[in-house]
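Single-letter residue listing:
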Amino acid sequence: MKLSTLRQSSLAAAISLMLASSAVYAQSNTVGTIYGQAANAKGSTLVVENAATGAKRTLTLDESGRFNVTALPAGTYKVTLLKDGAVVSTREGVEVRIGQGSELQFGTAQTLSTVEVTGKVARLDMANSNNGATFSAAQLDRLPVAKSIDGIIQLAPNTTKADSRYAGGASFGGGAASENAYYINGFPVTNPLTQLGSSELPFGAIANAQILTGGFGAEFGRSTGGVVNITTKSGGNIWEGGVNMSFTPSSLHGTRKDIFYPKTGKNTTDGSLFQSRRHNTEDEYSIGAYVGGPLIKDKLFMFTAVERLMRNTGQVTLTRDVDEKSDSGWTDARNVNNRYMSKFDWNVTDDHHLELTLLGDAYTRKERLGGWDYATDSRFGSLGDTSTFRDVANKTDGVGSTSQILKYTGSLTQDLTLTFLHGRSDSPHKQTLAGYDPKLPGVIASPVNRAPGITYNTTAQPFAGERLLAEGAKDKVKSTRLDIEWQHGKHTVRAGIDNNTLRSINAGESTAGGLTYTYFKSAASPDGTVPVTDLRSVGTITPAAGGQLGNQGYYVRATQFDDITNAESTQAAQYIEDKYQVTKDLLVTAGLRNETYENKNGDGQVFLKNKNLNPRLAFSLDPLSDKTTHVFGSVGRYAIQIPTHIAVRGASRSTYIDTYSTYSGVDAKGAPINPVLLATGSPDNEFGQAKLYQTVAAQDLKAAAQDEITLGIERTLTERLNVGAKLTYRKMISTIDDYCDQTPFNKYAEDHGIDASHWGGFTCASINPGRSNTFLVNYSGDGKTFVPVTLSAAEMGFADNPGQRKAPSRSYFALDFFAEHPFRDGWYGKINYTLSYNKGNTEGQTLSDVGQTDVSATQTWDHSGIMEHAYGYLPNDRRHQIKAFGFMELNDQWQVGGNVLLAAGRPTNCLGAYAGSNPTGDQGYGSSYHYCDGKPSPRGTFGHLSWDTRFDMNVVYRPATIKGLSLRVDVFNLLNRQVAQNVDETYLDGDAVSPTFGRTLSYTAPRSVKFTLSYDFK
């Protein structure tokens, strides 16, 4: 059934603008524009009035009648054209969204005494030249989507979820999950420590969410992936409010899939149960409220929203590679996320506006451990004491912060606008661990690695093998931004500065209990006489050489890790951009962004610095001059900074030591008795020594950057059908990662007759892989005298290696097609299809192959052997993706909505021991090389995971008898398709085929049903 004319008109204004295929010209990151022309209107006056707050902007039209009203907060506006003080024409219900332009064309008024509604909002925004998606609060409310920023991101084409081992983030256009920028009301809320994900806000406080997937202008930087740009709701002249509650019961969840040992054909565990998940439980609750209205009519407004999300889980955490039974094998957890947002808007005058935003989200997790027994497939014993975590990555459901943001917007003249923003945020990270004794080492001993008759105490230290947070860990961000916009004839010139300071205090981790003992048994020979090869950090040992239980192949590794330190980063940028209306149908935008990135260690010393110029050029064309066809494109360079985490191991004192021994027994604490040393080493030469800040990064670093080209076309075929296509090509031109091979430095000293006998050795340093890099080396060991050492890519081993390219390579090519039915006849729908190729020898700042969380300090470029056969399809490659969503208003009371994802599976690898011919290729990284079973195994050639198929839907009932009441049911993953999202790609465990190689690490979340009750009033 159709809606009433009035309701259909209002919904059309809110829904009909382009969604995921829209190109977006970012006039500003928090405001929008109304532009257009009034025929024969020289000397006329245009008044733009915010319908909610009454704020007005007035300007006088020039001879051409063109107008461009910028820096407008998102909302609904009334636009009035006046001649000699008399109303000529009026347009109401003009929708303005962040970063978008709403075009109006006023016809010729025949008389001045009649008010005519002659303006028309064009369906295609001819001022846009970016790629992205903008969603309003009304759209998000109608779609079955997870109530999170990540849920919104996944609606847009060219986006893919990050690997489940990362605490947050998403891949935009083939970029790494850490290469995105997140903003709320213009303030950066990206996780400062790792750049993985961001802080959030109450979902109902979102007014507009803009997802930029490429082609964005010089205003935006610090991203080689995408930009997530959110503005919040504001109060108006009418008081409004509401409450909502939701419940997702565990009883209606689909049963989670168990995880099994894969069938490798080489292990006795093949096909058996690895981890039980079918007994897991999960209940979710949420409660929220909001209120907004005038504190002083037409002058001062407020809007406040609060939300509490609660998730109670019970799950088997014990895996059978550790034990069959454990007192801590079950975890009960209560996860809570408290979010708030308060916004105060003050219309000082019609031309000057102040706003204050207060944001906060805090994630806490309280967990208790109980017993699990695989023999009985059940829990046992009682739950222990409670451990508490707050904003701890990979523990809590997210990492939040508290933020305070002050912004001023002023129309200094009709042609000159200024905006100024200053804000700060704090994010503390805390944990209190039940049963944790810092004096007890961790013990890991799977059943197959235990000597007969020996008791291994694997339960005394419940956090065995974990790296724990430091006391007082927190992150702090300060951001200042100034933007000026000047309109002159056919030019709109924008310029600004954009500075951020990020500090991470007590960042890093240390080994639980100080040490972790991991017990092994050689699979090469029962008597331990055959060497165990490819061991982490030491390469090879022979257990029998140490006697005792080594004569039966048993040995132990003691691991010590500590990298706790402070870190700081400063990010300064300046930009200028000219938006030039060449003709009435052609708009060209040229911009230049200058960025400087500095990273400092705990002593405030700058150890990494780079500058870069990023030019941007874009165009927008109306080729038929009738607003029915839009051709647009862009070319530009984009750069990304290095997160503060780089200083944690890269520039500060760190310890990472492995000690291999044989033993005769195990004491009550789980430590080996009578250990006989076999070998000691460090994967990266980290023995706790101080690092000289001059030596931990190359001296001539270029910023991590990529070039991008986009070209698109949109066409309005009818009032009920829009179609379009877009091409995107991205190519990495440089990256920054760490390099840890001492070999070329030894050779340099030898070739140049340098005495290196007092040198402490080379640990790791940040480099531009594939380029010549100049290092400062303290061969004398005095901490004062530095020798400049320039090494070419060939001298560092990154040239002419088999199956790789010496330079870093990452390319992304995508063709996007869409068809959209704007809101007409009671329904809205859109379908996107993306064909894409993501190929190269590096993912970027992250390494999803093994889920490494050392952003920009992965093992990828540590030495040349790892890069052999590294070129191929990357983890974020999804050859085909179909995303479709929409809703239908059945009548005034009933609505249904749907959201579909069909995505090709991720390519997989087989990472094994080094089997190449380079004498220095194998440097003790174990099963980390692109060789499988002794043969080359190029990246992405070990097959693909299954297609990810998900269908979400909702039904909403709004009873006519109780105005404002809404009853809603959302069903996520209706078909309960649980597909592997990633797998273990490590082929070897020591010198034997790993029993977990190919094991599923995570599945798609099973079906869940969410019930929501809400009430809104005005």
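We now turn to the structure provided with this report. From a predicted model like this one, the values you see are computed outputs, not experimental measurements.

Once that is clear, we can look at the overall build of the protein chain. A tally of helices and strands in the protein chain yields six helices and 62 strands. By the compact-globule yardstick of 31 Å for 1018 residues, the protein chain fits well, its C-alpha radius of gyration being 30 Å. A sequence separation of at least 24 residues applies to 72% of the contacts in the protein chain between residues at least 6 apart. Here the protein chain displays about 37700 Å² of accessible surface, and carbon together with sulfur accounts for 55% of that area. Once the 98 positive and 101 negative side-chain charges of the protein chain are each reduced to a mean point, those two points are 4 Å apart.

Tracing the backbone shows R906 in the loop between β53 (894-903) and β54 (931-932). Separated by 2.8 Å, the side chains of R906 and D163 make a polar contact. A polar contact of 2.9 Å, which involves the side chain of R906, links it to the backbone oxygen of S848.

Quick look at the side chain of T53 now. Counting through the fold element by element, T53 comes out in the loop between β2 (45-50) and β3 (56-60). We classify T53 as buried; its relative accessible area is 12%. Beyond its immediate stretch of four places on either side in the chain, T53 contacts G235, G236, N237, D298, F301 and N347.

All right, on to the packing of aromatic side chains then. For the coordinates displayed, the defined rule picks out 31 aromatic pairs. Ring centres of W330 and W372 lie 6.0 Å apart, and the angle between their planes is 20 degrees; on these two criteria the pair is classed as stacked. Highlighted residues: W330 in strand β20 (residues 325-349) and W372 in strand β21 (residues 352-373), separated in sequence by 42 residues. An identical accessibility class is assigned to W330 and W372; each is buried. Counting every residue linked through ring pairs, the aromatic cluster contains Y739, F745, F762, F775, F798 and W861. In this structure, K521 packs its charged tip against the face of Y554, placed 5.4 Å from the ring centre.

This part takes up the state of the cysteines. Each disulfide consists of one covalent bond between the sulfur atoms belonging to two cysteines. Counted under the stated rule, the structure contains two disulfides. Shown here is the disulfide that connects C910 with C932, its sulfur atoms set 2.1 Å apart. Handedness here is read from the sign of the S-S torsion; for C910 and C932, about 65 degrees, the answer is right-handed. Taken together, the positions of C910 in the loop between β53 and β54 and C932 in strand β54 put the pair 22 residues apart, joining distant regions of the chain. For the pair C910 and C932, a shared accessibility class is recorded, and that class is buried. The connectivity of the disulfide-linked cysteines in the protein chain, indexed sequentially, is 1-2, 3-4.

Parameters at a glance
Residues numbered from 1 in each chain as written. Predicted model: local features only at pLDDT ≥ 70, side-chain atom pairs only at ≥ 80, totals over all residues. Heavy atoms only, no water. Helix = DSSP H or I, 4+ residues; strand = E, 2+ residues; numbered from the N terminus. Rg over C-alpha atoms; globule rule 2.2 N^0.38 Å. Contact = heavy atoms within 4.5 Å. Areas by Shrake-Rupley, 256 points an atom, 1.4 Å probe, with all protein chains shown as cover. Lys, Arg positive; Asp, Glu negative; His and termini not counted. Charge placed at Lys NZ, Arg CZ, Asp CG, Glu CD. Polar contact = N/O pair within 3.5 Å; in protein donor to acceptor, adjacent residues only side chain to side chain. Buried < 20%, exposed > 50% of the residue type's maximum accessible area, 1.4 Å probe, protein only. Phe/Tyr/Trp six-rings, centres within 6.5 Å; stacked < 30°, edge-to-face > 60°. Lys NZ or Arg CZ within 6 Å of the ring centre and 35° of its normal. Disulfide = S-S within 2.5 Å.

Read these as spatial facts, not as claims about activity.
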